[in-house]
Amino acid sequence: MHRQKSTALYPHPFSAAYWRDAAAELRDTRMLVFAALMIAVRLALKLVAIPLAPGLKINTAFLANAVGAMVFGPVMAALCAVVTDILGYLIHPEGVYFPPFLLTEVAGSLLFALFLYRAKLTPVRVMLSRFCICLFVNILLQTPIMIWYYRLFMDGAPYVLTVPGMVKNLFLFPIESVVLTVLLSAVLPVTSRMGLTHGESAPLRFTKKQLALLGALFVLGSASVLGYLTYYYNTTSLSASYTKQQRREENLKMADILTAQTEDFDGETVVTIVESAKRPFLSHETTYTAAVYAVTDGAEEDMDTFWGYSKSPASKEEAMKRQCGFTATVDDRTGEVLAFALTEQ
């Protein structure tokens, strides 16, 4: 006997029945066809954006992602995200395909589904879904993946490249929440008549309290990102993202600082290696920790190679003997040395 498909709504996704219904969508032919349609629409919308200001636009692919996740739930949404990510690269290959980015596609689709699938839709649910994706996926998850990508394939692009993306996500969150709410309000009656979604299909309207919540979420997101960036820049060394040329330039800069601050070292036989470089968020001062190595007799001809070393290869180089270390705080705008101290001498 054919089992009738459940039409139950759930107040939250933390139940076995919710996940059984989500998994059952994989056996529904109409849902499979709808999923294929949403993949096609999502791929097409990746090339469509709504311009708001110079350098600021809304990428519209998330709208198809949300509609699909609302209709067929988290299990199929995750599978669709994988297919969309792979097909998207095959159709429009840019750079090197990096599988970890797939995590952001899957996470975003899952979050949309967890908030919107088999639920009584309200503007609060819609804005919370977009807020969680902006903060946890687009900012907290995607940022380290982007830095990882830069290190592997772009020879360590500066960390600062990730900051504009964070700011853009924060700024767009309220706008995208309103746009998504309007879209789902228009789509929901259609999907209900088609039997793809269940429950009420009344228009979604923002109340003053919900608008206030939207503003509060924006403030919360801003505070979270500020805290994240403050912690990140206080604990992460910029030297990890240096290109080969930057590393050489910074090592030579440390040598200039060392010879200017003390006369105890011969610049012809000494190499300085930056071990860490930390710049607090929104600060113009970088604190360097550097090591001083003496080059052994007969290895002077390799000095040009030694100047391009980072911490690890320098410590393993037999022709370089560590003498001491030093810290120097430099004003990035003027180049002035604000503080200097020798260590381990």
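Residues numbered from 1 in each chain as written. Predicted model: local features only at pLDDT ≥ 70, side-chain atom pairs only at ≥ 80, totals over all residues. Heavy atoms only, no water.

**Considerations on the pattern of salt bridges**
Stage number 1. Under the counting rule described, the total for this entry stands at ten salt bridges.
Stage number 2. Between Arg118 and Glu25 there is a salt bridge, with its nearest N and O atoms 3.6 Å apart. With a gap of 93 residues between them, Arg118 in the loop between helix H4 (101-116) and helix H5 (123-153) and Glu25 in the loop between helix H1 (16-24) and helix H2 (29-45) connect regions that are remote in the sequence. Of the two residues, Arg118 and Glu25, neither departs from the other in class, the shared state being buried.
Stage number 3. For Lys46, the salt bridge is made with Glu105, and the minimal N-O distance between the two is 3.3 Å. Linking Lys46 in the loop between H2 and strand E1 (49-53) with Glu105 in helix H4, this pair joins segments that are 59 residues apart in sequence.
Stage number 4. Of the residues examined, Lys46 reaches a relative accessible area of 38% and is grouped as partly exposed. (Salt bridge = Lys/Arg side-chain N within 4 Å of Asp/Glu carboxyl O. Helix = DSSP H or I, 4+ residues; strand = E, 2+ residues; numbered from the N terminus. Buried < 20%, exposed > 50% of the residue type's maximum accessible area, 1.4 Å probe, protein only.)

**Digging into the sheet that holds strand E4 (residues 285-295)**
In a beta sheet, neighbouring strands pair by backbone hydrogen bonds and run either parallel or antiparallel.
Stage number 1. Spatially, the four strands line up as an open sheet ordered E3-E4-E5-E6, and their pairing is antiparallel. Each of the sheet's edge strands pairs with one partner strand only, and the pair in question is strand E3 (270-278) and strand E6 (337-343). Mean inter-strand twist for the sheet, computed between neighbouring axes without regard to direction, equals 25°.
Stage number 2. Across eleven bridges, the pairing between E4 and strand E5 (residues 320-331) is antiparallel. (Pairing = 2+ DSSP bridges. Axes fitted to C-alpha atoms, helices over the stretch in contact; angles between N-to-C directions.)

**Re the environment of Thr84**
Stage number 1. Following the sequence through the fold, Thr84 ends up in helix H3 (residues 61-91).
Stage number 2. Residues Thr84 and Val178, 94 residues apart in the sequence, show an inter-C-alpha distance of 25 Å.
Stage number 3. Ignoring sequence-local partners within four residues, the contact set of Thr84 consists of Ile39, Arg42, Leu43 and Lys46. (Contact = heavy atoms within 4.5 Å.)

**What to know about the environment of Thr197**
Stage number 1. One can find Thr197 in the loop between helix H6 (162-193) and helix H7 (208-235).
Stage number 2. C-alpha separation for the pair Thr197 and Gly165, spaced 32 residues apart in sequence, amounts to 34 Å.
Stage number 3. If near-sequence neighbours (up to four positions away) are discounted, Thr197 is found in contact with Met70, Val71, Leu188, Thr191 and Ser192.
Stage number 4. Among the polar contacts made by the side chain of Thr197, one reaches the side chain of Thr191 at a distance of 2.8 Å.
Stage number 5. A distance of 3.3 Å separates a polar atom in the side chain of Thr197 from the backbone nitrogen of Ser192. (Polar contact = N/O pair within 3.5 Å; in protein donor to acceptor, adjacent residues only side chain to side chain.)

**Brief notes about the packing of H5 against H7**
Stage number 1. Viewed as axis vectors pointing N to C, H5 and H7 meet at an angle of 15°, and their least axial separation amounts to 10 Å. Of the possible angle classes, the one that applies to H5 and H7 is roughly parallel. As H5 runs across H7, the sense of the crossing is right-handed. Only Gln210, Leu213, Leu214, Leu217, Leu220, Gly221, Ser224, Val225, Tyr228 and Tyr232 of H7 make contact with H5, whose side of the interface consists of Pro123, Val124, Met127, Leu128, Phe131, Leu135, Ile139, Leu140, Thr143, Pro144 and Ile147.
Stage number 2. Of the residues in the contact of H5 with H7, the class split is 17 nonpolar, four polar and no charged. (Parallel < 35°, antiparallel > 145°, perpendicular 65-115°, else oblique. Left-handed = near helix turned anticlockwise from the far one by under 90°. Nonpolar A, V, L, I, M, F, W, Y, C, P; charged D, E, K, R; others polar.)

**Focus on the packing of aromatic side chains**
The description of two aromatic rings rests on the distance between their centres and on the angle between their planes.
Stage number 1. For the structure shown, the criterion picks out 15 aromatic pairs.
Stage number 2. Geometrically, the ring pair formed by Tyr228 and Tyr232 is stacked, given 5.9 Å between the ring centres and 20° between the ring planes. Note that Tyr228 and Tyr232 are positioned in helix H7 at a spacing of four residues, about one turn of the helix.
Stage number 3. Among the aromatic residues, ring-to-ring pairing joins Tyr10, Tyr18, Trp19 and Tyr117 into one connected group.
Stage number 4. Over the face of the ring belonging to Phe62 we find Arg130, whose NZ or CZ atom lies 4.2 Å from the ring centre. (Phe/Tyr/Trp six-rings, centres within 6.5 Å; stacked < 30°, edge-to-face > 60°. Lys NZ or Arg CZ within 6 Å of the ring centre and 35° of its normal.)

**Considering the side chain of Glu250**
Stage number 1. Tracing the chain through its elements places Glu250 in helix H8 (residues 244-261).
Stage number 2. Under the relative-accessibility criterion, Glu250 is labelled buried at 15%.
Stage number 3. With sequence-adjacent residues up to four places away left out, Glu250 is seen in contact with Tyr242, Val274 and Tyr288.

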